[in-house]
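Architecture at a glance
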Amino acid sequence: VYFATQFFGKYETKPAAETRQILLKILSGSGVTPYTTLSAEDSKPQSACITSALYDGDAVKVLTVSNTDYLTLSDTLVLPEGNYESIGNNGKCSFTAEDGIVKATFTLDGMESIAIIKQ
């Protein structure tokens, strides 16, 4: 967190897709990799989605995705293998498992959030 804060300090360097990829490469070189990725939003120059995670010890327990835009968006979270369920999205999220990963496909209305719980 400290490193990323310095990387984007005072927004002199905007967190555009290219800059985020450079940061990802630097961190992954030291074994720091993201728990999840967004298939569509992570490739955009400026993503409307914010993801956050709550941990129980060393394990991720709850992931949240928030749409900061006023427009509806759809995307897919790519997650490690496990059992997941969503709350707060009223049927707008579905899960598929394949090849050791889980894909959570969701739709969020403007300013809406979803929580995904790992059981």
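Look up a bit, the structure's there.
Read on for a plain summary of the structure. The model shown is predicted, which means the values in this text are computed figures rather than measured ones.

Points about the packing of aromatic side chains
For any pair of aromatic rings, geometry is given as the distance between the ring centres together with the angle between the planes. For the structure on display, the rule yields one aromatic pair. Look at Y84 and F95: their rings are 6.4 Å apart centre to centre, the planes differ by 15°, and that puts the pair in the stacked class. With Y84 in strand β5 (residues 84–87) and F95 in strand β6 (residues 93–98), this residue pair connects regions lying 11 residues apart in the sequence. On the basis of relative accessibility, which here comes to 29%, the residue F95 falls in the partly exposed class.

Looking at the sheet that holds β6
In space, the four strands of this open sheet follow the order β1-β4-β7-β6, with antiparallel pairing throughout. Because the sheet does not close on itself, it has two edges, and the strands there are β1 (37–38) and β6. Bridging between β1 and strand β4 (residues 73–80) involves two bridges; their strand directions are antiparallel. Residue pairing in the sheet places T37 in a bridge with V78 of β4.

Some points on the pairing of β6
On any regular strand, side chains alternate: one points to one face of the sheet, the next to the other face. Direction of pairing for β6 relative to strand β7 (residues 101–108): antiparallel, over a ladder of six bridges. Counterpart to E98 in the pairing with β7 is I101.

So, the pattern of salt bridges
In this structure the tally under the stated criterion is four salt bridges. Between K44 and E41 there is a salt bridge; the shortest N-O distance is 2.6 Å. A residue is classified by how much of its surface remains accessible, and K44, at 38% relative accessible area, is partly exposed. One salt bridge in this structure joins E98 and K103, with 3.7 Å as the shortest N-O distance. A network of salt bridges, in which partner residues are shared, links K92, D109 and E112.

Some remarks on the sheet that holds strand β2 (residues 49–56)
Strand order in the open sheet formed by four strands is β2-β3-β8-β5, with antiparallel pairing between adjacent strands. Taken across any chain shown, the strands that pair with only one partner, and hence form the sheet edges, are β2 and β5. Strand-to-strand twist of the sheet, defined as the mean angle between neighbouring strand axes without regard to direction, takes the value 20°. Strand direction decides the pairing type here: strand β3 (residues 59–67) and strand β8 (residues 113–118), joined by five bridges, are antiparallel. Residue pairing in the sheet places T64 in a bridge with A115 of β8.

Criteria and cut-off values
Residues numbered from 1 in each chain as written. Predicted model: local features only at pLDDT ≥ 70, side-chain atom pairs only at ≥ 80, totals over all residues. Heavy atoms only, no water. Phe/Tyr/Trp six-rings, centres within 6.5 Å; stacked < 30°, edge-to-face > 60°. Helix = DSSP H or I, 4+ residues; strand = E, 2+ residues; numbered from the N terminus. Buried < 20%, exposed > 50% of the residue type's maximum accessible area, 1.4 Å probe, protein only. Pairing = 2+ DSSP bridges. Salt bridge = Lys/Arg side-chain N within 4 Å of Asp/Glu carboxyl O. Axes fitted to C-alpha atoms, helices over the stretch in contact; angles between N-to-C directions.

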